[in-house]
Every structure is written in structure tokens, then in C-alpha cells.
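Observations on the three-dimensional arrangement
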Amino acid sequence: MPSLNRLPCYLLLFLALAACSPSNEVSNPALTLEPVATLPPTMGPLATGTLAPTHTVPLPSATPDPNVVPEQFVSPRGVLAFRYPSGWSVTDNSDSSELLVRVQSPSEGGASGLFIVNLLNVQGPLAREELRPLAESYLQDLFGEAYPGLTVSYREEGEALIATTFQEMNGEQVQYEIRFSSRAPFYLVMLLVAAQQEWDAAAPTLDTMARSVTLDPALAGAVPTPTVAVTRTGEGLSVQNATLYEAGTGSLYLVGEVINESGQPYEDVQVTISILNEAGEEVGREQWAVQRKLLPPGERSPLLAIFSQPPPGWSSFQATAEALPASFYPERVTTSFQLSDVVASEPAFGDYALAGQVANTGEAARFVEITGTLYDEAGRVLAVETTTLEQDELPAGESAPFMLTFYSKAEGEVARHEISVEGTRIQN
């Protein structure tokens, strides 16, 4: 997602820092992080954080302990690989400009943590002196308006530049360690995130994951090289059947769907949501991605946006959608799945549940995501929820069970539901 000062043609899109629905929230509320946009840095002066004393991190052994990180993630075509603990969820948010993979700890058991790998193809090496201004630009765009008030410390470790900072969220301090390095022809950024009070417990595991990252420069062609030639558009995209409601947790939810009424497929669909008071004045604004990575013409994608701290005086909303013309995901995403034995129920914990079987009727796929949408009799969306299969891969012709638990929904009786399934093709 970050772009480069010396290469202004590289566009960095959006980083969803654990912007997950309640079913994927970590046990520590400080890690329910809001999505933040990392936009291309300007060519003007760079903001510089106030330097604080360095913060050390426990160092694991050079060889990752398989008892700590027994699972392995390998990106399509094998350009990126790393290891991670059992039970952690992996979400591949890569798009037409970068590789972006998020790994999050489970909601129960052990210290809560978040690990993100962000990889860009810059088609060559970066000089060591370029990392500091690039890091400052990345942080400035990552934290937005909060950046000038943050204290940032830097240290060097081998070829990497490491930035450490803290941000208060939901009354708790969250610690960020962002590691920047040049591994030609790539620009690699890794984010290690945990609540400050849990940092000592989470850091060794996060650090082990970071040190396990391997890249294959011979496969650089598998990482897209973004350019400014492609612009975002909202032609034919509209937000419909949306509902704004406050959940029992106090968070403000917007659920709905984005419909593609154009004649072209879109990817990286983003919705800008303005929260309005009774006078029609804007009191809050955020941007969220829809649930589907690829939106073909004539189809729709569920939308789930969560305002963990609702703006005071909220009353209504306005929402607009825009996207990139599909160029990266058509060859990457598969929707060749068939559902069966779907049963609705009222769970012991949560408002609604859907369970069933999903069969892969196409080619082998990994990271299969199932998204459910609940509707009332009038077609209004009541809730949206996404889950992934427990297994990383679903071979062609095989089936697996799934369970979707809706932990929150708008008031109203559920009249029907829809389920969409997306997976990532396993490319050799």
C-alpha cells in the first residue's frame, strides 16, 4: 500500500488493519483496528516524528521454531512465504498494486497479535538512505491526522529500518513495530501489532513470523507493478438496500450491498461513508472495502462497515462507491463453488447462524471465504458476515463444512439469505 517518493508512479491502495467483523475480533478490544488509507506520499517536505528511546524486541533463534509457527503460507506462484501459528487466521488482501497478507491471532488463547506483510515490486534496489524518508511517508499516510501527535523511534537491524510507535485505541495503548527493507526488486514492509500490555508476550511470536518471511526475486513478475495510468471510477456502482444501526456493543454498523450495473468487471471496490446528523451535516467519514474482491457486471457484493466509536449526534448516512477496472483478480479469484445442506439457526451466542457444506466445482483453491447476507421481507439488508474455511486449501472436487455466525444484526425478521463464495486459485 505505500508508494515511493522516487517512484511516484507506484500507487498504494488501502490497508485494512484488522478491520474485521465481530466474529473475527481478537480478545483484546485494542486490536479491533480501524481501516486506514495509505495514500501516495506527497513530494513536499516529510513530517518527522519525535524520536524516543529505542524499544528492544526479544529475538528468536535464526531458525523459526516449528512448535511456535507450524503452519506455512505460500502466496500464489510462490513469490512470498512465511510461517505462522496454528489457529491464526490468514487473509489475503492483495490487489492490482501489491501483495498484502494479514495474519491475526484467534479470539481466545494466548496474547492477541496482528502481523501484516506488504510487498511491492519496485523493479530494482533501494538505497539505504532512501528507507528513512520512505518510512516516514508510509507512517504519515498510515496514521493520517494522528501522525503528528505520535512519538516514533527508529532503529536499524541488519538491512532493515524499524519504526516503533504507540497509539491509544479504546482506552488502551497499542504498540506498532513497522519494519522496512529493500529486497530487490521488492520493497517490503512488515507490521507487528499488539496491545502494549501484551507486547512482551506477543512480540516473540510476531518476530518469529517476521523473520520467517522469504521472497523469491526470480518470481518478481508475480507481483504487480502499479502505475498511475489506472484511475478509480464509480460508473455503474451504487450502494443499495443499506441499513444503519447501533449494535449492543455500542458500535455503529452500516450493512448493505454494492451493485455493479456497468458493463465491466471491477476490483478493489471501496465505499466512502459519510455519517450525518439530523441537520444533514457530516459528523464522520470513513472508507471501507466491500466483501468481494472481484465484482463482475450485473452482480452485487455485501458491504459491512463498523464505526467502533460512533460520531455524536449521528442520524443518517450517504455512501458512494468507486473501484478499479478489473485487471488483477480475474485470473486470481475463483467462484466455482456449490453450496449444499445450508441450515439456519439461532445460536447460543449471536443473533443468527448459517451452516452447511461448500464444494469446489472448479480448480484447486486456497483461502476460501464465505460471506452471508441477511434480508428482511422488503429486501433491506439486516446483517453481513464473512468467514473462511478452517483448512487453507480446498482441492478440486472436495467439500468442507462452514459456519457463519452473525453476532449482530439490525432489527427486523430475517426473510431470506444469500451466500457468496470466493477463493484464490492455486497457480503453479
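Above this text sits the structure in question.
What you see is a predicted model; the values in this text were computed from it and never measured. (Residues numbered from 1 in each chain as written. Predicted model: local features only at pLDDT ≥ 70, side-chain atom pairs only at ≥ 80, totals over all residues. Heavy atoms only, no water.)

Section: the side chain of R425
In this fold, R425 is placed in strand 27 (residues 416-425). Within the local environment of R425, its side chain forms a polar contact with the backbone oxygen of E331, the two atoms lying 3.3 Å apart. Of the polar contacts made by the side chain of R425, one reaches the side chain of E363; its length is 2.8 Å. The contact partners of R425, leaving out residues within four places of it in the chain, are P76, P330, E331, R332, V333, T334, E363 and A364. (Helix = DSSP H or I, 4+ residues; strand = E, 2+ residues; numbered from the N terminus. Polar contact = N/O pair within 3.5 Å; in protein donor to acceptor, adjacent residues only side chain to side chain. Contact = heavy atoms within 4.5 Å.)

Digging into helix 1 (residues 128-143)
The end-to-end C-alpha separation of helix 1 is 24 Å, in line with the 22 Å expected for 16 residues at 1.5 Å each. Just beyond helix 1, the residue with positive phi is G144, at close to 60°. (Expected span 1.5 Å × (residues − 1).)

A few points about the sheet that holds strand 11 (residues 186-195)
Spatially, seven strands are ordered 5-6-7-11-10-9-8 in an open sheet, and the strand pairing comes out antiparallel. Strand pairing shows two members of the sheet lacking a second neighbour, strand 5 (89-92) and strand 8 (153-157), which therefore form its edges. Strand after strand, the sheet turns through a mean of 20° between neighbouring axes, direction not considered. With ten bridges connecting them, strand 10 (residues 172-183) and strand 11 associate as antiparallel partners. Across the sheet, Q175 pairs through a bridge with A194, a residue of strand 11. Contacts from helix 2 (residues 199-211) reach strand 6 (99-104), strand 7 (114-121), strand 8, strand 10 and strand 11 within the one sheet, and its direction differs from that of strand 11 by about 160°. (Pairing = 2+ DSSP bridges. Axes fitted to C-alpha atoms, helices over the stretch in contact; angles between N-to-C directions.)

A few points about the environment of L254
In this structure, L254 sits in strand 14 (residues 252-260). Residues L254 and I273, spaced 19 residues apart in sequence, show a C-alpha to C-alpha distance of 8.8 Å. Discounting chain neighbours no more than four positions away, the residues touching L254 are A242, T243, L244, I273, L303, L304, A305 and F317.

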